[in-house]
Amino acid sequence: EHGGDAGGIYNLTRLENFELQKELGSDMTSVALFFVGLTHLKAGDFGEAIQVLSEAVAHLRGNVGPDEAASIYLARGYCYGQLRSVTNERGAISDFSEAIARKPDFIAAYCNRASAYTALGRPDQALADCDKALKLSPGDAATLANRSTALCQLGRFDEALVDAQAAKKAVP
């Protein structure tokens, strides 16, 4: 069941999808659906957001730039991660990986994929992603916090504490 006005926006978009494609061009349909998906994400309706963002992925075409495409995959991956199940974490990892493939310097995708890896008990992979993200943006608080979690899972508590303290200092 759709929640609030966001569901209405989505239904309107689906019903008028042909008109939207005609008006924006099929390449822009994915961008329009991305914004509808973000509405659901912000409302905490992650299942509906996944559905809309999956439509956005289906409409990706050559004229949508890699940054926009990566953002769609990042948003859908984030929604999968919020649903907290093994299947959804795997979906999140897949989407974050696709975002990274499209935009190799996408710090948020590395950071979020690291979080999904730690949720699945794969701290070595999480640590590798955190290290890549920190090379791109040294001192990033979210990445340091994720690396701290991965280090804890690996039993490297002294290093985890250093990262946790650095993350705390990095937050304004």
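Since we're looking at a predicted model, the values are computed, not measured.

Colleague: Please provide a residue-by-residue account of the overall build of the protein, values included.
Modeller: Summing up its helical and strand segments, the protein has 10 helices and 0 strands in all. N-terminal to C-terminal, the α/β element order of the protein is α-α-α-α-α-α-α-α-α-α. The contacts in the protein between residues at least 6 apart in sequence include a share of 53% that link residues at least 24 apart. Working note: accessible area of the protein is about 8900 Å², and carbon and sulfur atoms make up 53% of it.

Colleague: Go over the packing of aromatic side chains with me, naming the residues and quoting the values.
Modeller: Following the criterion strictly, the structure yields 2 aromatic pairs and no others. Ring geometry for phenylalanine 46 against tyrosine 78: centres 6.3 Å apart, planes inclined by 70 degrees, an arrangement best described as edge-to-face. Here the residue phenylalanine 46 occupies a position in helix H4 (residues 46-58), and tyrosine 78 occupies one in helix H5 (residues 66-82), the gap between them amounting to 32 residues. Relative accessible area serves as the criterion here: at 32%, tyrosine 78 is assigned to the partly exposed category. Positioned above the aromatic ring of phenylalanine 106, the side-chain terminus of lysine 103 is 4.6 Å from the ring centre.

Colleague: Which residues make up the pattern of salt bridges, and what values go with them?
Modeller: This structure, assessed with the given rule, holds 7 salt bridges. Here glutamate 89 and arginine 84 are joined by a salt bridge, their closest N and O atoms 2.9 Å apart. Among the residues examined, glutamate 89 registers a relative accessible area of 3% and is labelled buried. What makes arginine 84 exposed here is its relative accessible area of 52%. Here arginine 147 ties to aspartate 163 by a salt bridge, and the two come within 2.5 Å at their closest N and O atoms. With a gap of 16 residues between them, arginine 147 in helix H9 (residues 141-153) and aspartate 163 in helix H10 (residues 157-170) connect regions that are remote in the sequence. One network of salt bridges, in which partners are shared, links Asp131, Arg147 and Asp163.

Colleague: Talk me through H10; I want residue IDs and the actual numbers.
Modeller: Given a rise of 1.5 Å per residue, 14 residues ought to cover 20 Å, and the 20 Å separating the end C-alpha atoms of H10 matches this to within 8%. Among the residues of H10, Ala160, Asp163 and Ala167 are the ones counted as buried. For H10, the buried positions fall inside an angular range of 65 degrees around the axis, keeping them on one side. Exposed residues pointing more than 90 degrees away from the buried face of H10 are listed as Asp158, Val162, Lys168 and Lys169. The elements touched by buried residues of H10 are H9.

Parameters and conventions
- Residues numbered from 1 in each chain as written.
- Predicted model: local features only at pLDDT ≥ 70, side-chain atom pairs only at ≥ 80, totals over all residues.
- Heavy atoms only, no water.
- Helix = DSSP H or I, 4+ residues; strand = E, 2+ residues; numbered from the N terminus.
- Contact = heavy atoms within 4.5 Å.
- Areas by Shrake-Rupley, 256 points an atom, 1.4 Å probe, with all protein chains shown as cover.
- Phe/Tyr/Trp six-rings, centres within 6.5 Å; stacked < 30°, edge-to-face > 60°.
- Buried < 20%, exposed > 50% of the residue type's maximum accessible area, 1.4 Å probe, protein only.
- Lys NZ or Arg CZ within 6 Å of the ring centre and 35° of its normal.
- Salt bridge = Lys/Arg side-chain N within 4 Å of Asp/Glu carboxyl O.
- Expected span 1.5 Å × (residues − 1).
- Arc of directions from axis to C-beta.

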